[in-house]
Structure formats: C-alpha cells, structure tokens
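# Coordinates in review
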Amino acid sequence: MKIGVLSETVPGERRVALVPDVAAKLTGFEVTVQAGAGEAAGFTDEAYREAGAAVESDRARLVGASDVLLSVQPPPLADVAHLRKGAATIGFLQPATQAAAVEALAARGVTAFSLELLPRISRAQSMDALSSQASLAGYKGVLMAANRLGKFFPMLMTAAGTIPPARVLVLGAGVAGLQAIATARRLGAVVEAYDVRPAVKEEVKSLGAKFLELDLEAQEGQGGYAREQSEEFLTRQRELLGERVAAADVVVTTAAIPGRRAPVLVTAPMVHGMRRGSVIVDLASDTGGNCELTEPGQVREVQGVWLDGTTNVPATVALHASQLYARNVTNLLKHLAPEGELKLDFEDEITKGCCVTHGGQVVSERAKQLIESAAENTRR
Ligand code: NAD
C-alpha cells in the first residue's frame, strides 16, 4: 500500500505528518514524502531517504499515487481533486469548520479519517493526536507567558531581597491545562486551576496546584468532556473568577467545548482589573478564545496587560509535535490496515468513530452534527 505524506500549506503550520524515524518502522508500506515536507520541523529530504522513503517533488503526482494520504491539516480542495476514488486520508479534518473539504472528499469517493473524532477510549490512546498536541500546547503556553512576564516564576531569595513566586491561574484542566499546571509548577510558580469537571480536582492537586472551588453547579457532559454551560452559569462563573484573575500574574486559558465556540471566561473588565505587566495566554484562541479581548493569531497589549492569542501553538514545537503526531497517525494506520491493506471494520468503535466519509457519503453522524452546529454558531 502506498502512503503519501503532504507538505503542509496552511500559513504557520510547521508540522509534518510523518517523521523519518517513524517512517523507517512502517514496514510493509511504501512511503513517499513530498519534497521539503519535513523541513520546517527539522527533517531533511535526505533523512527521509535514509529512512527508506521516496521523495517526490510533484505534489499532484504524489497525491494521485497515494492509497493513503497523511497530513496534519485537512487536504486542500486542489489536492482532493487529485485523489483516487477509494483512496484514504488521515489527519485533523476539522469537520466543524471544513464542511467544504468534507463534502469534496465524500464526492470524490475518498475514505477520510478525522483524528478529532477518534473515540477517547483506552484502546485508542496511542492514536490520540488531540491529546499529544494539546499537551505540547499546554507546555509551550506557559513558556510563552514566562517569556513575556517581567517577573521571575520561582521565589528567589537573594542578597538584594526576596522575590515572591509568580501566581499562575489555569482555566480548563483538560490535557493542555494539566500540562500547563505541571510546567508552571516546574518553573516554581504558585498555581491554581479551575475546571467545570470536578473529576479533575484530584489531578490538579496531585500536580501541586490548588483547585478553585466555585459555588457553581455545572452541566455534565459525555465521555469525559465538558458541555456548553448556560449563559447564567458563565456569568456567575466570571463573577466568581474575577478576583482570582485580578490576583494572577499569568492566566492560561484552555477551556474548550468540542465543536463549539470556546466559552468566554475572562471579560474585558476582568482584563482591566489585572495588574500592568500581567499576561494572558489564550490557548483556546483557535476556537475564538476564552478571553473576550483575544484576537486570534495576535499578541497585543491592552492597558498594560498582554494578551497572547497565538493560534496553532503545537506548530511552534514542530519537531516533537510531528514526532508524536506521526506515532499517533501510524498507530491508527496500522489499526486500519493491520496486514498492509486497508481492512475497514465499521463495527469497530475506533474505525466507525473517526471515519467521516466513505463510499461517496458523509458517514459520520458526529461530523454532520459538528458541521450543523458550526453553521448554527455562524448564524447566531
Ligand atoms: P478540551 O480541550 O475539550 O477542553 C479543555 C478543558 O476545558 C476540559 O477539561 C473542559 O472540562 C474545560 N472546560 C470547558 N468549559 C469550561 C468552563 N466554562 N470553565 C472551565 N473549564 C471548562 O478537553 P481535552 O483536554 O481534550 O479532554 C478533556 C478530557 O477528556 C480529559 O481531561 C479526559 O478526562 C478525557 N480524555 C480521555 C482520554 C482517553 O481516555 N483516551 C484521552 C484524552 C482525554
């Protein structure tokens, strides 16, 4: 079976779907990588050749020859037009915002797998690219904040006096949030965190952070995820969080609701209540941001407070992000093609969960819901 690896075209996307080390272990598959695909992540064409992969400079030819096309971002429509009927794609298809790509893949008769839709069950953990990338974002988000903050993170006792530790507040303690807590703690900050899911309280505490107990009752989600809370809940949450936000030197926000716009947890008045020089890193900026003043893709200063809305943070740690992504994607590939040929069992929870298009149709109910709810969000 022929595996093709695309060079990413989305601006700022430095990751690559397959790295040489992982390509070398893909026995039983013929791997071709687009020339230059790994360059931004630190992998040369030569390294891929040494790993046994072929390097192709003609993108359309690579796409047309692939049985399975691997990418990080959804394949652009121009590439979909070159895919063969019956070929497969694996990547972050982002069905909520990429309805046109989903439709085009279905119309082309391509079987497309979306890593966002992988069920979060133990058996799929080694394929869970959302988690591997979120973890990197949590780590890097804290470093971005530390870099901008005009203060030390750790407490320092020096001959010139004692410097108190920085105070970090993490909102949303999922995969990214927990890694942000761990990183901030390692740098010596005093950390507190809040999440609507009380289940994470013990994890937060075990990382040496304080879990903020707010006098609020959240609506339970499914499968370990948060669900969208009512506007009354969010208003009360903001009131209760205001004082903690004002006390923080750094706020890292990671709160997301799958397929929906991120909830606003930090309003403009809350930002104005922060000390000058404080930093907010909004890791939810890809889905609109948790801070009302975040401008996705921009870093700006508002009345002395820094708002970092950098999008696609995992791409700024491209080497390790690609390495982990490549392992996730090849573990899924081996699950779908255990003997070197695609053998799709739609009774299987993993295959069924993440397959979006097959046989000329959009087969995933979840993808249809996400597309519909994104369209509804736009109409609102
Ligand atoms: P996510 O990126 O969808 O959301 C990040 C966090 O934001 C979540 O913890 C969520 O509860 C929180 N959040 C949402 N609305 C909020 C609000 N109004 N205020 C505060 N916090 C809010 O989530 P994620 O990090 O991808 O994963 C969430 C959970 O899924 C994990 O913590 C875990 O329990 C589960 N999970 C399971 C597996 C597995 O079993 N294989 C793998 C990964 C994740």
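One structure accompanies this document, and this report is about it. (Residues numbered from 1 in each chain as written. Predicted model: local features only at pLDDT ≥ 70, side-chain atom pairs only at ≥ 80, totals over all residues. Heavy atoms only, no water.)

Glancing now at the overall build of the chain. Looking only at helices and strands, one finds 13 helices and 17 strands in the chain. For 380 residues, the compact-globule estimate of 2.2 N^0.38 gives 21 Å, and the C-alpha radius of gyration of the chain, at 22 Å, lies within 12% of that figure. Overall size of the chain, expressed as C-alpha extent along the three principal axes, is 65 × 50 × 35 Å. By the burial criterion, 51% of the 380 residues in the chain qualify as buried. If you take every contact in the chain between residues at least 6 apart in sequence, the share linking residues at least 24 apart comes to 64%. Counting every atom, the chain has about 17,100 Å² of accessible surface; 51% of that belongs to carbon and sulfur. Charge-centre separation for the chain: the mean point of 39 positive side chains lies 3 Å from the mean point of 44 negative side chains. (Helix = DSSP H or I, 4+ residues; strand = E, 2+ residues; numbered from the N terminus. Rg over C-alpha atoms; globule rule 2.2 N^0.38 Å. Buried < 20%, exposed > 50% of the residue type's maximum accessible area, 1.4 Å probe, protein only. Contact = heavy atoms within 4.5 Å. Areas by Shrake-Rupley, 256 points an atom, 1.4 Å probe, with all protein chains shown as cover. Lys, Arg positive; Asp, Glu negative; His and termini not counted. Charge placed at Lys NZ, Arg CZ, Asp CG, Glu CD.)

Moving on to the site of the ligand. Near the ligand there are 24 residues, and of these Arg120, Val175, Asp195, Arg197 and Gln237 occur at the shortest range. Asp195 is positioned with one of its side-chain polar atoms (N or O) 2.6 Å from an oxygen atom of the ligand. Here a nitrogen atom of the ligand and a side-chain polar atom of Gln237 are 2.9 Å apart. Protein chains bury 85% of the 830 Å² of accessible surface belonging to the ligand in isolation. In terms of residue class, the shell around the ligand is made up of 13 nonpolar, 7 polar and 4 charged. (Near = heavy atom within 4 Å. Polar contact = N/O pair within 3.5 Å; in protein donor to acceptor, adjacent residues only side chain to side chain. Nonpolar A, V, L, I, M, F, W, Y, C, P; charged D, E, K, R; others polar.)

As defined by bridge partners, strand β14 (residues 299–302) adjoins strand β15 (residues 305–308) across 4 bridges and the pair is classed as antiparallel. Considered in β15, the bridge of Glu301 is made with Trp306. Counting the residues between successive antiparallel strands, the hairpin from β14 to β15 contains 2 residues, one of them, Gln303, with a positive phi of roughly 45 degrees. (Pairing = 2+ DSSP bridges.)

Here helix α7 (residues 175–186) contains 12 residues, and its C-alpha end-to-end distance of 17 Å stays within 8% of the 16 Å for a straight helix at 1.5 Å per residue. Lining the buried residues of α7 we find α6 (129–148), β9 (167–171), β10 (190–194), α8 (201–206) and β12 (250–253). Positive backbone phi, at 95 degrees, marks Gly188, one or two positions downstream of α7. (Expected span 1.5 Å × (residues − 1).)

Note on sheets: strands pair through backbone hydrogen bonds, and any given pair is parallel or antiparallel. Spatial ordering of the open sheet is given by β11-β10-β9-β12-β13-β15-β14, a layout of 7 strands whose pairing is mixed. Two strands in the sheet have a free side with no partner beyond their single neighbour: β11 (210–211) and β14. The sheet contact formed by β9 and β10 spans 5 bridges and is parallel. Its bridge partner lying in β10, Leu169 is registered against Glu192. Along the sheet, helix α9 (residues 231–247) makes contact with β9, β10 and β12, crossing β9 at roughly 165 degrees. (Axes fitted to C-alpha atoms, helices over the stretch in contact; angles between N-to-C directions.)

So, on to the pattern of salt bridges. The full count for this structure, using the stated rule, is 19 salt bridges. Note that Arg244 and Glu192 form a salt bridge whose closest N and O atoms lie 2.8 Å from each other. Of this pair, Arg244 sits in helix α9 while Glu192 sits in strand β10, placing them 52 residues apart in sequence. With relative accessibility at 9%, the residue Glu192 sits in the buried group. Taking the shortest distance from any N to any O, the salt bridge between Lys368 and Glu365 comes out at 3.2 Å. Separated by 3 residues within a single helix, Lys368 and Glu365 lie in helix α13 (residues 365–379), roughly one turn from each other. (Salt bridge = Lys/Arg side-chain N within 4 Å of Asp/Glu carboxyl O.)

It is worth spelling out the sheet that holds strand β16 (residues 355–358) at this point. Taken together, the 8 strands give an open sheet; going across it, the order is β3-β2-β1-β4-β5-β6-β16-β17, and neighbouring strands pair in mixed fashion. Looking at strand neighbours, the two that pair on one side only are β3 (54–56) and β17 (361–362), the edges of this open sheet. Sheet topology places strand β1 (residues 2–5) next to strand β4 (residues 68–70); 3 bridges connect them, and they run parallel. By the bridge assignment for β4, Gly4 is matched with Leu69.

Looking at soluble globular proteins, one finds that nonpolar side chains tend to be buried together. With 59 residues, the main nonpolar core has Ile90 and Leu332 as its most contacted residues. In terms of residue count, helix α11 (residues 318–336) provides more of this core than any other element does, 7 residues in total. Setting aside anything within four residues of it in sequence, one finds Leu332 in contact with Ile90, Leu115, Leu118, Met127, Ile350 and Cys354. (Core = buried A, V, L, I, M, F, W, Y, C linked by side-chain atoms within 4.5 Å.)

Turning next to the packing of α6 against α7. It is the contact of α6 with α7, at a shortest axis distance of 7 Å, that shows an interaxial angle of 40 degrees. The hand of the α6/α7 crossing is right-handed. Taken together, the residues of α7 that come into contact with α6 (itself represented by Ser131, Ala134, Ser135, Gly138, Tyr139, Val142 and Leu143) are Val175, Ala176, Gln179, Ala180, Thr183 and Ala184. Here the residues of the contact of α6 with α7 sort into 8 nonpolar, 5 polar and no charged. (Left-handed = near helix turned anticlockwise from the far one by under 90°.)

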